[in-house]
Each structure stands twice: as C-alpha cells, then as structure tokens.
Amino acid sequence: MATEAPAHGGYLDILRAPHAARLLAGTLVGRLPNGTGPIAMTLFVRAQGGSYTLAGGLIAAYGVANAVGQPLLGRAVDLKGQPRVQLPAAVLSALGMALFALTGIGNLALAYAAVVVAGLFTPPLEGGLRALWPSVLGREDRVHRAYALDAVAQEVMFTVGPLLVTLLVALWSPAAALLVINALGILGALAVVLSEPSRTWRSAAREAHWLGALRSPGLLALLGSFFFVGLALGSITVAAVAYADDRGTPSVYGWLMAALGLGALVGGVVYGGRRWTGAPERRLRALVALLALCYLPLMLTPGPVAMTGLAALAGVFLAPVLACAFIVVDRHAPRGTVTEAFSWLVTTFGVGAALGSAVAGPAVELAGTVAGFAVAGAGGLVALLVLLATGRVLAAPDTPGGPGGAARHADGEAVPSAVHAEKNTH
C-alpha cells in the first residue's frame, strides 16, 4: 500500500539533511571509475590498435576482480571503519588504472595485472553510503526515501559518466580520460571519508563467522533473484546493439539506452515520492513481477520510435526494484555485516549483467535480435520465480546475530536503523 508523501518528506528534505548531499555527490563521483570503466577501457584499447576481443578480455578481468573485491572490502569496512579502507582502496585502484593508461597494451601481462588491481581495489562506496543513511537521516521513512534517491542518482551517473568520458577523449585522449576519471574517483572517496558521518560510523558488533553476510538465508534468496535481474539488464545492452544494426542506424542504440535510463529515473522519482507500508519483501515481489512483465514487449521489436517507448517502459520499475531491495538487504543482513551485504548485492548484480551480455551475444547470432530480448524476459521471470520460491525464507528477516542495519558512532552511541523501524510497522 502507498500514500502520498508529505511535502516535507520529499527528496529535498533528504538533501537538506546535514552531510546528505555531500555523501551522495561524493559517492557518485567516487564511483565514476567503475561506472565508466568498460567504455573508457574500450576506447583506450582501440586507440592503441587493440581488438574488441582484447578490450572485452581486459574488461572481463576488471569485472571479475571487482566482483571478488567488493564483498571482501565491504567486510573490511565493517571491521575497520570506512576511512581506513575506502580511501586506500580508491588510491590503489586509481594507481592500477594509471599504470594501464601509461603502459598501454604492449605488455599484455602487465595490462591484465594493472586492470585486475584496479578492479580488485575498487572501493565499496555504494555499500558504504547505504550503511551511512540510518545514522545521517534517522527516521525510517527518510532512510527508505534516501534508498530511492540513491537508485535514481545511479541512473544519472550511468548517463552522465559515458558522456564525460567521450568529452575527455575528444578534448585530450583515451589515456587522459582514464587518468582524469580515476583522479576524480579519489576526490569523491576523499569527500566521503572526510565527512563526520563516515569518520564516526562503526558497524554493530558482529558474530565471528567465515561466511559473514552470506550466512543469512534471506540475503542469499535476494542475491539469487538479483543475479537474474542483472542478467536481464545485461542482455538488453547487447540486444539493443543488434537491434540498431538490424535497422542500419547505430544512433538508435543510444536512444534505446537513454530511454531505458529515463524510464528508471521517472520510476524512481515516483516510487520515492510515496510512503509505502507493509512488508518490503512482498512489495519487492510485486515490483519484480512488473519489471519482468515490462521486459517481455521488447521481443516485439517494432520500429525505432515505438521501440524507444518500450525501452522506457522496460526501465520504469528498475529503480523501484533497487530501492526496495536495499531495504530488504538491511533487514536480512546479519548484525555487523551491512556494508558487506550491500557489496554482495552489487557484485551479484554485476556478475549477472556480465553473464547476460555473454548469453545474449550467441542468442542473437543463432536466432536473431528477438532472441536477445527473450533472454531479458526470461531473466526477469526467473528472478520473480526465485522470490516466489523463497517467500518463506524472505518472510523471516531475523538472521543469526541480529539485524545488520544497526550502526554506532565512534563514541559507542547507537544510531537508529531502518531495519528496526521497518519491523515496528508490522
């Protein structure tokens, strides 16, 4: 059930809270190297005379290293605090990419080693921000609205980031673009870790367990579903390229991707503008069902104008799904593992997207563009089936060691958590 949020409870209320705008902006800038990595690396490799195959291999190595590094660094943040992990990781990641930019692809072993370092040490700023929201905003409804704002802001970053890379390449060179983007990444991380909330934040006491956040059955169920949401999104990227090739108009690809982002932006704004009641796990199932339903019409592959509209429709429920998933992560993460849990969500989604791209390519080659979009539809449906099959597990957010959302300031004072307030509504 949803009701209109009062005027004082909108996005401006979130951004006016002390430190909130700085943390959101710093996190987005700090994530630019990761968000723009694939396009920047592709342009650099091509400028060096390398093939698309080589670019794909380097991007894959970067992505795998990132997938490994995010939960490990997230666990380190939970154990050691944000400044001691986020900033050193950002510097090491930038140094890895700088080595790649300065040495090029002449020595492939060195190139692969450099991008692996860059991916492995990508700081978990995304999970870190979501861990900070309860201590910055306090009230449960404001935290939930911040999650929606976070999801909307991601769409802005993924739209502006590639444009920034293209501009830097046009003004200077692909190597300069890599260096500038990663320098900005360090500045973004610096803005976050020097803020008072980041410096004083401490994770709740955690139970020593080698599985960390993954010992939560509910979190595992959510990750299983989001793997397939990522797979659907990754396949759309490849299928959209094939659609543009079929139409003989490469620019159509850009329009489809822009429409997908615009749909997510609108959906996130609308979702965050309402106050939701009831269990978020049930709401997530409904949102994923709508997301899957909106992927299916893409298989019609009509003319460019209609296809652009379908792409916008396909994006409408993405940001709401992400925002609701953030709440579910907070409810199911074992105590003291919240940053690691959010990092696992990022990793699972990214690995799913990479596999979706890998599956959609052969599907398009074997059966045409429609088959590529069919992969997206199938991914959305399987994501829904996972949530339905694990409904009983997701309905019980109490996990070993207690909820993961609780955080503490450095002086030991407990901070209100979204997970506690959410439970009190039932």
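In this report, we go over the structure that sits alongside the text.

1. Comments concerning the overall build of the chain
Right, so step 1: Counting secondary structure elements, the chain contains 19 helices and five strands.
Right, so step 2: Looking at the chain as a whole, 55% of its 426 residues are labelled buried.
Right, so step 3: Surface accessibility of the chain: about 16,600 Å² in total, with carbon and sulfur atoms responsible for 71%.

2. Let's talk about unusual backbone geometry
Right, so step 1: Notably, H19 is not glycine yet its phi reads approximately 80°, a positive angle.
Right, so step 2: Within the element layout of this structure, H19 appears in the loop between helix 1 (11-16) and helix 2 (20-30).
Right, so step 3: With a phi angle near 40°, T301 is a residue other than glycine that sits in the positive phi range.

3. Considering the pattern of salt bridges
Right, so step 1: Evaluation of the coordinates by the stated rule reveals six salt bridges.
Right, so step 2: When the shortest N-O distance is used, the salt bridge between E126 and R130 registers 2.7 Å. One end of the pair is E126 and the other is R130, both in helix 7 (residues 125-137) and four residues apart, which spans about a single turn. Each member of the pair, E126 as well as R130, carries the same accessibility label: buried.

4. Re helix 2
Right, so step 1: Those residues of helix 2 lying buried are A20, L23, L24, G26, T27, L28 and G30.
Right, so step 2: Of the surrounding secondary structure, the elements contacted by the buried residues of helix 2 are helix 1, helix 3 (32-47), helix 7, helix 8 (140-171), helix 9 (174-193) and helix 10 (196-200).

5. What about the side chain of T369?
Right, so step 1: By the secondary structure assignment, T369 is in helix 17 (residues 369-389).
Right, so step 2: In this structure T369 comes out as buried when scored by relative accessible area, which is 9%.
Right, so step 3: Among the polar contacts listed, one links the side chain of T369 to the side chain of D246, at a separation of 2.3 Å.
Right, so step 4: Aside from chain neighbours lying at most four places away, what touches T369 is A239, A242, Y243, D246, T301 and V364.

6. A few points about the nonpolar core
It is characteristic of soluble globular proteins that their nonpolar side chains tend to be buried jointly.
Right, so step 1: By size, the foremost hydrophobic cluster in this structure holds 106 residues, and its most contacted members are L58, F100, W133, F226 and L284.
Right, so step 2: Top element by residues in this core is helix 11 (residues 217-247). It accounts for 13 residues.
Right, so step 3: Contacts of F226, omitting those with residues within four sequence positions, involve L284, V321, L322, A325, L345, T348 and F349.
Right, so step 4: Judged by nonpolar contacts, the second largest core, of five residues, contains F227, L231, A363 and V375.

7. Some points on the packing of aromatic side chains
Right, so step 1: According to the stated counting rule, one finds seven aromatic pairs in the structure shown.
Right, so step 2: Connected via pairs of aromatic rings, a cluster forms that spans Y147, F326 and F342.
Right, so step 3: The cationic tip of R130 hangs over the ring face of F326; the distance from NZ or CZ to the ring centre is 3.7 Å.

8. A few points about the environment of E281
Right, so step 1: Following the sequence through the fold, E281 ends up in helix 13 (residues 280-295).
Right, so step 2: With 114 residues separating them along the chain, E281 and A395 place their C-alpha atoms 6.9 Å apart.

9. Brief notes about empty space enclosed by the protein
Right, so step 1: Enumeration over the complete set of coordinates arrives at three cavities of 30 Å³ or more.
Right, so step 2: Of the pockets and cavities examined, the largest cavity occupies roughly 80 Å³.
Right, so step 3: Together, G30, P33, N34, Y62, A90, S93, A94, T122, P123, N182, G185 and I186 line the largest cavity.
Right, so step 4: Elements with a contribution of two residues or more to the lining of the largest cavity: helix 3, helix 5 (83-103) and helix 9.
Right, so step 5: For the lining of the largest cavity, the residue count by class is six nonpolar, six polar and no charged.
Right, so step 6: I236, A240, L256, M257, L260, L298, M307, A311, A314 and F373 are the residues that line the second largest cavity.
Right, so step 7: For the lining of the second largest cavity, a count of residues per class yields 10 nonpolar, no polar and no charged.

10. Focus: the environment of P304
Right, so step 1: Considering the arrangement of structural elements, one finds P304 in helix 14 (residues 304-315).
Right, so step 2: Overall, P304 belongs to the partly exposed group, its relative accessible area being 34%.
Right, so step 3: Separated by 51 residues in the primary sequence, P304 and Y253 place their C-alpha atoms 9.6 Å from one another.
Right, so step 4: Beyond its immediate stretch of four places on either side in the chain, P304 contacts Y243, R247 and V252.

11. As for the environment of I181
Right, so step 1: With respect to the helices and strands, I181 occurs in helix 9.
Right, so step 2: According to the relative accessible area criterion, I181 is buried, its value standing at 2%.
Right, so step 3: Sequence separation between I181 and G30 is 151 residues, and the spatial gap between their C-alpha atoms is 9.1 Å.
Right, so step 4: Ignoring sequence-local partners within four residues, the contact set of I181 consists of L32, P33, T36, L164, V165 and L168.

12. Some details on the packing of helix 8 against helix 12 (residues 251-272)
Right, so step 1: Between helix 8 and helix 12, the least distance of the axes is 9 Å, while the angle of their chain directions is 165°. If you check the angle between helix 8 and helix 12, you find them roughly antiparallel. As for the relative orientation of helix 8 and helix 12, their crossing is left-handed in sense. For the pair helix 8 and helix 12, the contacting residues are R145, A148, V152, E155 and V156 in the first and G261, A264, L265, G268, V269, Y271 and G272 in the second.
Right, so step 2: Residues belonging to the contact of helix 8 with helix 12 are distributed by class as follows: seven nonpolar, three polar and two charged.

Rules of the game
- Residues numbered from 1 in each chain as written.
- Predicted model: local features only at pLDDT ≥ 70, side-chain atom pairs only at ≥ 80, totals over all residues.
- Heavy atoms only, no water.
- Helix = DSSP H or I, 4+ residues; strand = E, 2+ residues; numbered from the N terminus.
- Buried < 20%, exposed > 50% of the residue type's maximum accessible area, 1.4 Å probe, protein only.
- Areas by Shrake-Rupley, 256 points an atom, 1.4 Å probe, with all protein chains shown as cover.
- Salt bridge = Lys/Arg side-chain N within 4 Å of Asp/Glu carboxyl O.
- Contact = heavy atoms within 4.5 Å.
- Polar contact = N/O pair within 3.5 Å; in protein donor to acceptor, adjacent residues only side chain to side chain.
- Core = buried A, V, L, I, M, F, W, Y, C linked by side-chain atoms within 4.5 Å.
- Phe/Tyr/Trp six-rings, centres within 6.5 Å; stacked < 30°, edge-to-face > 60°.
- Lys NZ or Arg CZ within 6 Å of the ring centre and 35° of its normal.
- 1 Å grid on protein atoms, 1.4 Å probe; cavity = no way out; pocket = protein on both sides within 12 Å on 5 of 7 lines; lining within 4 Å.
- Points joined across faces, edges and corners; volume = space filled by probe spheres on them.
- Nonpolar A, V, L, I, M, F, W, Y, C, P; charged D, E, K, R; others polar.
- Axes fitted to C-alpha atoms, helices over the stretch in contact; angles between N-to-C directions.
- Parallel < 35°, antiparallel > 145°, perpendicular 65-115°, else oblique.
- Left-handed = near helix turned anticlockwise from the far one by under 90°.

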